[in-house]
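Topology and contacts: notes
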Amino acid sequence: MECKSLKRKIIGVTGGASGIGLAIVRKLLAVEAKVAVADLSPQPEELANNPNVIYTKVNVTSREEVHSWVEEIVEKFGRLDGMCANAGICPVENGVASDDVYRRIIEVCVTGVWNTGTEAYRQFQRQKGGGVLVNTASAAGLKGYRNMAVYSTAKHAVVGFTRCWSLDWAPEGIRVNAIAPGFTESPMTDAVIKDFPQVAERMIAAIPLGRMGKAEELADSVLFLLGDTASNITGSILVCDGGMLNS
Ligand SMILES: NC(=O)c1ccc[n+]([C@@H]2O[C@H](COP(=O)([O-])OP(=O)(O)OC[C@H]3O[C@@H](n4cnc5c(N)ncnc54)[C@H](O)[C@@H]3O)[C@@H](O)[C@H]2O)c1
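Residues numbered from 1 in each chain as written. Predicted model: local features only at pLDDT ≥ 70, side-chain atom pairs only at ≥ 80, totals over all residues. Heavy atoms only, no water.

Another point: the packing of helix 1 (residues 19–30) against helix 7 (residues 215–226). Relative orientation of the contacting elements helix 1 and helix 7 amounts to 55°, with a least axis distance of 8 Å. Comparing their axes, helix 7 and helix 1 come out oblique. Relative to helix 7, the crossing made by helix 1 is right-handed. Where helix 1 approaches helix 7, its residues Gly19, Ile20, Ala23, Ile24, Arg26, Lys27 and Leu28 are matched on the opposing element by Ala215, Glu216, Leu218, Ala219, Asp220, Val222, Leu223 and Leu226. Residues belonging to the contact of helix 1 with helix 7 are distributed by class as follows: 10 nonpolar, one polar and four charged. (Axes fitted to C-alpha atoms, helices over the stretch in contact; angles between N-to-C directions. Helix = DSSP H or I, 4+ residues; strand = E, 2+ residues; numbered from the N terminus. Parallel < 35°, antiparallel > 145°, perpendicular 65-115°, else oblique. Left-handed = near helix turned anticlockwise from the far one by under 90°. Contact = heavy atoms within 4.5 Å. Nonpolar A, V, L, I, M, F, W, Y, C, P; charged D, E, K, R; others polar.)

A sheet is described by the order of its strands in space; here seven strands give the open sequence 3-2-1-4-5-6-7, paired in parallel fashion. Every other strand in the sheet has two partners, leaving strand 3 (53–57) and strand 7 (237–240) as the edge strands with one partner each. Neighbouring strand axes in the sheet, compared pairwise and without regard to direction, differ in orientation by 15° on average. With four bridges connecting them, strand 6 (residues 175–181) and strand 7 associate as parallel partners. Bridged to Pro181 within strand 7 is Cys240. Packing of helix 7 onto the sheet brings it into contact with strand 1 (10–14), strand 4 (82–85), strand 5 (132–136), strand 6 and strand 7, and relative to strand 6 it is tilted by some 170°. (Pairing = 2+ DSSP bridges.)

Tracing the backbone through its elements, the reader meets Asn147 in the loop between strand 5 and helix 4 (149–169). In this structure the C-alpha to C-alpha distance between Asn147 and Asp241, which are 94 residues apart in sequence, comes to 19 Å. Asn147 has contacts with Glu93, Asn94 and Gly95, leaving out every residue within four places of it along the chain.

What follows is the structure, encoded as structure tokens:
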């Protein structure tokens, strides 16, 4: 893949300590981008002492924390070229979720993307020259799945933000796209496999390619959307699910 355009670009990644987010960070560093990682979890050792990484503890549900993080990126790296609103959670819903689970999912997956996307937008506006946002949605943001009513609703909202912002921000040269992962290997799904092995088995059996996605494959899709190869793509939802949505 042609990723030369990302060299020396300044890219923010939320949820970059783990899974798909960490795979995005690794691939961005490999193409010599500078990466600002925001996560609730401690910094992974592999990112420590790297001059091309800023690691900040940020709760994406907080407007203030996301705002300060974007200010920090600009202070330390000088600007912001792209943002990946990737942080998310997928707790077990078991039919009808509790109100607490409902609030947590909506706060992280919807308000978190709202805070991250709009703070990135404000910075792109200040710079007066493009900018690119890639949201992490889900196959569950394009189709209903059992026992995922809240998560699926939250990810439909991420698809909604992506489509609407792509229209609203296009006049300023800002592109907005999303990836829609299917069932993908990460610490998030490790928990499902461990606690509900039969559910996981059924989900994998329903994937036409017959296997889970790899975080690196999702990261490749994100780098494509971030880079100039995708310069005419905005408002798209790039499904990377081994064919799951069509089955
Ligand atoms: N793994 C899958 O099968 C799958 C499928 C579809 C969509 N997704 C989406 O992909 C994204 C990444 O998921 P993953 O599989 O890599 O999971 P993961 O649990 O490995 O990583 C998620 C990261 O987000 C961080 N995070 C959670 N809440 C946060 C908050 N409030 N503020 C800041 N950081 C926070 C976590 O600490 C973690 O590092 C999520 O949006 C998820 O919904 C994953």
